[in-house]
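Listed below, chain by chain, are the residues.
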Amino acid sequence: MDEKNYLLRMEGINKDFFGNQVLKDVTLRVAKGEIVGLVGENGAGKSTLMNILFGLPVIHQTGGYQGKIYLEDKEVNFASPFEAIEAGIGMVHQEFILIPGFTATENILLNRESTKYNIFVEVFGERLKTLNRQEMHKRAVSAIEKLEVQLNPDMVVSEMPVGHRQFTEIAREMDRKSTKLLVLDEPTAVLTESEAETMLKAARKLANLGLSIIFISHRLSEVLAISDRLIILRDGQVVRELESSRTTPREVASLMVGREIKEGLSKKSKEFEKSEIVLEIKDLWVDMPGEQVNGVDLQVRKGEILGIGGLAGQGKLGIANGIMGLFPAEGEVVYRDEKLPLNNPVRVLGKGIAFVSEDRRGVGLLLDEPIDLNIVFTAMQIQGRFIKKLMGGLIKWRDDKEIARVAREYVDSLQIKCVSEKQNAKELSGGNQQKICLAKAFVLEPDLLFVSEPTRGIDVGAKSVVLETLKRQNREHGTTIVMTSSELEELRSICDRIAIVSEGKIVGILPPTADPADFGLLMLGEQEEVKASV
Amino acid sequence: MFEKIKKLIEKAGWPRIIIGLFLLSLFFIAPFVGIKVSTSISDTIVRFAMNAVLVLSLVPMVQSGCGLNFGMQLGVIAGLIGAITSIELGITGLAGFLVAIVIAIPFAAILGFLYGLLLNRVKGDEMVVATYVGFSSVAFMSMMWLLLPYKSPNMIWGYGGEGLRTTISVEGYWLGVLNDFLSIKVGNFFFPTGTIIFFGLMALIIWIFFKTKLGTAMTAAGSNPVYARAAGVNVDRMRVLSVVISTIVAAIGILVYEQSFGFIQLYMAPLLMAFPAVAALLLGGASVSKASMGNVIVGTFLFQGILTMTPSVMNNIIKSDMSEVIRIIVSNGMIVYALTRRMKVRT
């Protein structure tokens, strides 16, 4: 295609957040009337790229970006989203930005209403013009008609099904005469299948009218169906540009995930096939906001490290949180032939099950208390350890000496960098805080340990110590570990089996040695593809 | 040496250093405007001793995350009921004082329990709700004081023969039972040994409590409720327990206050009781979520010191009686100062 036909060109975009490179020399071109699909794992840089395009303040506050953006061959650098909208870029967000009490028409035309003259204008100025309801209705209908969808312009947003809210958002962008490029960020995430289909049809229709679209989605089949071209991002780089018609989901998935497998993959997975089942999860539902679990069935075998992977928001974190009783759960969980009471943290902890939460600062730590208390608190409350009984057990005195001793042990063995075990937890770095969370779980001497996102937000050095520590705990103490992580590479490096969660369900369990493409396909909810190939 | 001083200042915190120096300067000025230093020091210590238990009563609720107990009046009312009942029974001396405590405790426990349940329903707004709980309970009791069937002629209105007086003297019952116990008297200087020992014991009990399993759980519930829940602590129960303890200690605190002050004050007198205590604790370096015995002692001493010294020094300088005005300015100014400082820490 000729250079001049591109509507948008983003050339050589580089962006780092405080030295952490998130985009490396990314080039993105969108032709007029073309739909470009943008795919990548969480953290691949999709959102950052779109934020740069929109000139979001967060970009400027963190030192701007390198590279050039051309819109219709004119170089642009938007200082704010308003400028971007002015220039004809529309965005439809994952979360709806609509006024619930207004009708579709009012939302579509908000702040661009058709108006009529009245006498007050003479005194108070333009802002007091009367709304021209008829004209507005007409404009709204014409915007909706462009989409070819069923949408009642007089319906109040709060009474609409989610699909219609999505259409209202898009119709709003359509009413702007200047809109040339539309960014759809996961537009189908909350829609039902039939709504999604209508939505895709509408997008195609818009493209035929000459509008360019950047389409971001985690549903691979959708992206493939709708886009003309696919751009695959991985670790902040464009790994490949593909013509949608000439590729397969498998190829896309493997490109998206495809890291080289590092050495030292555990190969003992076979041994566990015969070992007993310690934990059996049957039809577990967990109501955790943003990480809904919708009927998970899973078996954990004694002594193994089971990984749970999947994209963010698909429900992988909900499983551990639900079992530990931190979020309302329903279903059946059997631990060593005994039914585990749900929604009851004390009983679960009492059975020798420990949990390292993904929310380190929120759930994992007492930030204003010293390290040693952080480490032993749960053991003290649940197991009654570190207690000296005085006056015949009437007073349960805290054994500060023993607490300090045990804390020092863990400080040494986990290489927690601190001045002393009396330092407050909030003064430590993320990696060291994570080690405290691990120590807190280890001190319980658990038989089964849930670990969620153990390496999120910590530096590389600390990462390897944390993973090493988990492996050692598994080997030396025979602790069964269920590790949830967004980082597939990490799961593959220490797990014996890896279960992939998509849309709140386990979609498949693979050995760590499986083809990366299979993991990618499972994450994107394309389990049929995997079964076909295995 | 210099490093050491720097560390010491850091540990104490600038506000306490500045106010401490201000208080010290007042003691220096006092003799020049005709105030005896021995009297002023003695006054400060007596006021410290009579108020310290009330300040102490705030600590459990702060530690459990219920915030500053602006509803302290509830405990004060329980203490008042204990005090007048004890007088009604006509028991004198230390026995009368102890009976008052014994009677006050169950009332405080029941009121505290209900108050705790209420505070669990308004998490995040405890302090605002507490303020109004305190105010309305005082108003309610103003009616009750008139209606309760107390008969002792020392306590009821002389003319009607019915209803309790606004101010009831404890003289002849248990005035100064703690203050005078083992007290030291040298000229104008008076040291209320008994009251100090009593406060010491109370503080020790609270301190021990927070060193136990239960107390640790309470601290954790205040520090991070989600963490505590994940560790199997029933956060709501911890909060209710802390409110009960705070209310009981406040009931005892008001009795200690009265035996030193000499009067039981009913009706609207307890209305603003919580504010000076809160101001003292904050001045001592406590935050809304963390308080220690050190905060209580340092804060009460500095606050009561300023409150005692400023009016008397000022009165003597400007030669007119401004003491009440100055008292109000100093005490409320201190709360404003302490609460704005809290905001700063938060952000």
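Rules used in this analysis
Residues numbered from 1 in each chain as written. Chains lettered and ligands numbered in written order. Predicted model: local features only at pLDDT ≥ 70, side-chain atom pairs only at ≥ 80, totals over all residues. Heavy atoms only, no water. Phe/Tyr/Trp six-rings, centres within 6.5 Å; stacked < 30°, edge-to-face > 60°. Helix = DSSP H or I, 4+ residues; strand = E, 2+ residues; numbered from the N terminus. Buried < 20%, exposed > 50% of the residue type's maximum accessible area, 1.4 Å probe, protein only. Axes fitted to C-alpha atoms, helices over the stretch in contact; angles between N-to-C directions. Parallel < 35°, antiparallel > 145°, perpendicular 65-115°, else oblique. Left-handed = near helix turned anticlockwise from the far one by under 90°. Contact = heavy atoms within 4.5 Å. Nonpolar A, V, L, I, M, F, W, Y, C, P; charged D, E, K, R; others polar. Pairing = 2+ DSSP bridges. Right-handed = clockwise from strand over helix to strand, strands pointing away. Buried area = accessible area lost by both parts, 1.4 Å probe. Salt bridge = Lys/Arg side-chain N within 4 Å of Asp/Glu carboxyl O. Polar contact = N/O pair within 3.5 Å; in protein donor to acceptor, adjacent residues only side chain to side chain.

1. A short note on the packing of aromatic side chains
Residue and element names in this part refer to chain B.
Then, in step 1: Under the counting rule described, the total for this entry stands at eleven aromatic pairs over all chains.
Then, in step 2: Ring geometry for Phe-70 versus Phe-275: centroids 5.6 Å apart, planes at 50°, classification tilted. With Phe-70 in the loop between helix H4 (59-63) and helix H5 (73-89) and Phe-275 in helix H12 (residues 274-283), the pair connects residues that are 205 residues apart, well separated along the chain.
Then, in step 3: The exposure class assigned to Phe-70 is buried, which follows from its relative accessible area of 9%.
Then, in step 4: With 5.9 Å between their ring centres and 85° between their planes, Tyr-132 and Phe-135 make a pair best called edge-to-face.

2. Overview of the packing of helix H6 (residues 93-121) of chain B against helix H7 (residues 126-147) of chain B
Residue and element names in this part refer to chain B.
Then, in step 1: At their nearest, the axes of H6 and H7 sit 9 Å apart, and the two run at 140° to each other. Relative to H7, the element H6 lies oblique. The handedness of the crossing between H6 and H7 is right-handed. Contact residues: H6 offers Tyr-115, Leu-118 and Leu-119, while H7 offers Glu-126, Val-129, Ala-130 and Val-133.
Then, in step 2: Looking at side-chain class alone, the contact of H6 with H7 contains six nonpolar, no polar and one charged residues.

3. Some details on the pairing of strand S9 (residues 181-185) of chain A
Residue and element names in this part refer to chain A.
Then, in step 1: By the criterion of burial, S9 is predominantly enclosed, with five of the five residues buried.
Then, in step 2: Side chains of S9 alternate between two faces, with Leu-181, Val-183 and Asp-185 and Leu-182 and Leu-184 buried alike.
Then, in step 3: Summarising the sheet, strand S6 (residues 89-92) and S9 pair through four bridges and their orientation is parallel. By the bridge assignment, Val-92 is partnered in S9 with Leu-184.
Then, in step 4: Where S9 lies against strand S10 (residues 212-216), five bridges are found, and the strand directions are parallel. Looking at S10, one finds that Leu-184 is bridged to Phe-215.
Then, in step 5: Following the chain from S9 across helix H8 (residues 193-208) to the adjacent parallel S10, one finds a crossover that is right-handed.

4. Here we look at the interface of chain B and chain A
Then, in step 1: Contacts between the two partners involve 20 residues from chain B, matched on the other side by 27 residues from chain A.
Then, in step 2: Summed over both partners, the interface of chain B with chain A comes to about 2,100 Å²; 60% of that surface belongs to carbon and sulfur atoms.
Then, in step 3: Among the residues of chain B in contact with chain A, Lys211(B), Lys213(B) and Tyr227(B) are the three that bury the most area, contributing 35% of the side total.
Then, in step 4: Close ionic contact of Asp400(A) with Lys211(B) constitutes a salt bridge, the shortest N to O distance being 3.0 Å.
Then, in step 5: Linking chain B to chain A there are eleven residue pairs in polar contact (both at pLDDT 80 or more).
Then, in step 6: For the side of chain B that touches chain A, the leading source of residues is helix H9 (residues 213-223) of chain B, giving six residues.
Then, in step 7: When its residues are assigned to classes, the side of chain B that touches chain A shows ten nonpolar, six polar and four charged.

Function cannot be inferred from these measures alone, as they are strictly geometric.
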